[in-house]
Amino acid sequence: LNGLFSLPFLIYCVLKIFEGRLVWSMIGGIGLGYALTTSQPQWVFMALLASGLYVLWNLWESRQIYSRGMSARSIAAFLLLVFLGALIALPQFMATRELTSLSARSAGLTFSDAQISSITPIDFLWYLIPFFQLKYLSAPEPVLYIGIIPLICALLALWHVREKRQYYFFAF
């Protein structure tokens, strides 16, 4: 659960970077390094991917507002954030890499074992219809249903797109 703060934190850092406050790249890098060392890296990498997409979204959305110099500075500040976070987490990653050969994971995992209980493309219909099943094509239980409240919030965000364009990014 230590990595759950990383997505809103990184989005906030990106917003501050785009306001011209480049010190937030260092603050964000320290927070990213903390998240990488104290939590599951998968959560942090997904948050980092989402915040990187948000950087691209901001660059595309504000192409009339920011000059090329401001865009280059914003990208450089985000890359500094990522580099600083990776540098802080480097000792943890090196130790994990070295000790992985002594763990149970060193034996490897076959492809058929990795696909046990995997999600099929038809299972994505469970976002909308929680108990929809096609015989022999879907998993036995819905694992993707996120609930009706997030779906309503996404629809409300799409409805408010004309008020603020950032809602469109967060709706998806």
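Residues numbered from 1 in each chain as written. Predicted model: local features only at pLDDT ≥ 70, side-chain atom pairs only at ≥ 80, totals over all residues. Heavy atoms only, no water.

### Focus: the overall build of the protein
And then number 1: Counting its regular elements, the protein contains seven helices and zero strands.
And then number 2: Seen in sequence order, the protein has helices and strands lined up from the N terminus as α-α-α-α-α-α-α.
And then number 3: Here the protein, with 172 residues, has 27% of them falling under the buried criterion.
And then number 4: Across the protein, the fraction of contacts at a sequence separation of at least 24, relative to all contacts at a separation of at least 6, is 61%.
And then number 5: Of the roughly 12200 Å² of accessible surface on the protein, 69% is carried by carbon and sulfur atoms. (Helix = DSSP H or I, 4+ residues; strand = E, 2+ residues; numbered from the N terminus. Buried < 20%, exposed > 50% of the residue type's maximum accessible area, 1.4 Å probe, protein only. Contact = heavy atoms within 4.5 Å. Areas by Shrake-Rupley, 256 points an atom, 1.4 Å probe, with all protein chains shown as cover.)

### A few points about a nonpolar patch on the surface
And then number 1: Where nonpolar side chains cluster on the molecular surface, the patch consists of M26, L80, F83, L87, L90 and M94 and spans about 590 Å² of accessible area.
And then number 2: Here L87 lies in helix α4 (residues 68-99). (Patch = residues over 30% accessible without salt bridge, like charges linked within 9 Å, V, L, I, M, F, W, Y side chains within 5 Å. Salt bridge = Lys/Arg side-chain N within 4 Å of Asp/Glu carboxyl O.)

### Side note on the environment of S71
And then number 1: By the secondary structure assignment, S71 is in helix α4.
And then number 2: Between the C-alpha atoms of S71 and N58, which are 13 residues apart in sequence, the distance is 9.4 Å.

### Digging into the environment of G29
And then number 1: Structurally, G29 can be placed in helix α2 (residues 23-38).
And then number 2: Placed 50 residues apart in sequence, G29 and L79 show a C-alpha to C-alpha distance of 9.4 Å.
And then number 3: If we ignore the near neighbours within four places in the chain, the residues touching G29 are L81, L84, G85 and I88.

### Some remarks on the packing of aromatic side chains
Within a pair of aromatic rings, the relevant descriptors are the distance that separates the centres and the angle that separates the planes.
And then number 1: For the coordinates displayed, the defined rule picks out five aromatic pairs.
And then number 2: Taken together, a centroid distance of 5.8 Å and an interplanar angle of 50° make the contact between F5 and F9 tilted.
And then number 3: Given the relative accessible area of 30%, F5 is considered partly exposed.
And then number 4: Here a set of aromatic residues connected by ring pairs shows up, and it is made of F5, F9 and Y34. (Phe/Tyr/Trp six-rings, centres within 6.5 Å; stacked < 30°, edge-to-face > 60°.)

### Quick word on the packing of α2 against helix α3 (residues 41-61)
And then number 1: Taken N-terminus to C-terminus, the directions of α2 and α3 make an angle of 150°; their axes are 8 Å apart at the nearest point. What the angle tells us is that α2 and α3 run roughly antiparallel. Between α2, through L32, A35 and L36, and α3, the contact on the second element is made entirely by V44, F45 and L48.
And then number 2: Broken down by class, the residue content of the contact of α2 with α3 amounts to six nonpolar, no polar and no charged. (Axes fitted to C-alpha atoms, helices over the stretch in contact; angles between N-to-C directions. Parallel < 35°, antiparallel > 145°, perpendicular 65-115°, else oblique. Nonpolar A, V, L, I, M, F, W, Y, C, P; charged D, E, K, R; others polar.)

### Side note on the nonpolar core
And then number 1: Counting residues in each nonpolar core, the largest one holds 21 residues, and the members touching the most others are L10, V14, L32, V55 and L81.
And then number 2: Put simply, the parts of the chain that give this core at least two residues each are α1 (6-18), α2, α3 and α4.
And then number 3: Broken down by element, this core gets its largest block of residues, seven residues, from α3.
And then number 4: Once you skip the residues sitting within four places of it in the chain, L81 turns out to touch L10, C13, I17, W24, S25, G28, G29 and L32. (Core = buried A, V, L, I, M, F, W, Y, C linked by side-chain atoms within 4.5 Å.)

### A few points about the confidence of the model for the protein
And then number 1: In this model, the protein carries a mean pLDDT of 79, and residues with pLDDT of at least 70 account for 69%.
And then number 2: α2 holds the highest mean pLDDT among the elements of the protein, 93, whereas helix α7 (residues 166-171) holds the lowest, 66. (pLDDT = per-residue confidence, 0-100.)

### With respect to α1
And then number 1: Relative to the 18 Å expected for 13 residues at 1.5 Å per residue, α1 spans 18 Å between its end C-alpha atoms, a close match to the ideal helical length.
And then number 2: The set of residues buried in α1 consists of S6, L10, I11, C13, V14, K16, I17 and F18.
And then number 3: After α1 finishes, the residue G20 shows a positive phi value of roughly 100°. (Expected span 1.5 Å × (residues − 1).)

### Quick notes on the packing of α1 against α2
And then number 1: Where α1 contacts α2, the two axes come as close as 9 Å, and the packing angle between them is 165°. By the criterion of interaxial angle, the relationship of α1 to α2 is roughly antiparallel. Considering how the two elements wind past one another, α1 and α2 form a crossing that is left-handed. Only W24, S25, I27, G28, G31, L32 and A35 of α2 make contact with α1, whose side of the interface consists of S6, F9, L10, Y12, C13, K16 and I17.
And then number 2: Here the residues of the contact of α1 with α2 are counted per class, giving nine nonpolar, four polar and one charged. (Left-handed = near helix turned anticlockwise from the far one by under 90°.)

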